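An overview of the molecular structure
Listed below, chain by chain, are the residues.
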Amino acid sequence: MLRNSLTGKQKSFLRSMGQKLEPVVMMGKEGVTPTVVEAAREAIKKRELIKVRVLQNCMEEPEDAITMLAERADVNLVQIIGRNGLLFKRNYDKPKIELP
């Protein structure tokens, strides 16, 4: 999937949807492990849009950890605010979110 293949309007739409979401994937002191990447892939497959939180005990910077997770899980990074990130990937089999 092409990274950052979302337009500004689409990102804005996804950010507004993401405000109501609770974090689904948490990254702890181990950082971006294969388990975390797999958990993110599974959650994205079901929901298309997920929120990720980097916990206080993570050794990496939150922005670096979320960016690395987006790359390894092959998803679009929509937004990073503080320790939270918003990730999106369209599910072509069962789409749930209709982008503008």
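For the chain, the name recorded in an unreviewed UniProt entry is CRM domain-containing protein, with Selenomonas ruminantium subsp. lactilytica as its organism.

Right, let's talk about the pattern of salt bridges for a bit. Pairs can form between side chains of opposite charge once their charged atoms are near each other. Enumeration according to the criterion identifies 3 salt bridges in this entry. For the salt bridge of K45 with E42, the shortest nitrogen-to-oxygen distance reads 3.9 Å. Here the residue K45 and the residue E42 both occupy positions in helix α2 (residues 34–47), the gap between them amounting to 3 residues, near one helical turn.

Moving on, we get to the side chain of Q10. As for its position among the elements, Q10 is in helix α1 (residues 8–18). The contacts of Q10, once residues within four sequence positions are left out, are S5, L99 and P100.

Taken across its 6 residues, strand β2 (residues 49–54) has 5 buried, putting it largely inside the fold. As judged from the 4 bridges shared by strand β1 (residues 23–27) and β2, these two strands associate in the parallel manner. Each bridged residue has a counterpart across the sheet, and for M26 the counterpart in β2 is R53. Taken together, β1, α2 and β2 form a β-α-β motif whose crossover is right-handed.

Basis of the calculations
- Residues numbered from 1 in each chain as written.
- Predicted model: local features only at pLDDT ≥ 70, side-chain atom pairs only at ≥ 80, totals over all residues.
- Heavy atoms only, no water.
- Salt bridge = Lys/Arg side-chain N within 4 Å of Asp/Glu carboxyl O.
- Helix = DSSP H or I, 4+ residues; strand = E, 2+ residues; numbered from the N terminus.
- Contact = heavy atoms within 4.5 Å.
- Buried < 20%, exposed > 50% of the residue type's maximum accessible area, 1.4 Å probe, protein only.
- Pairing = 2+ DSSP bridges.
- Right-handed = clockwise from strand over helix to strand, strands pointing away.

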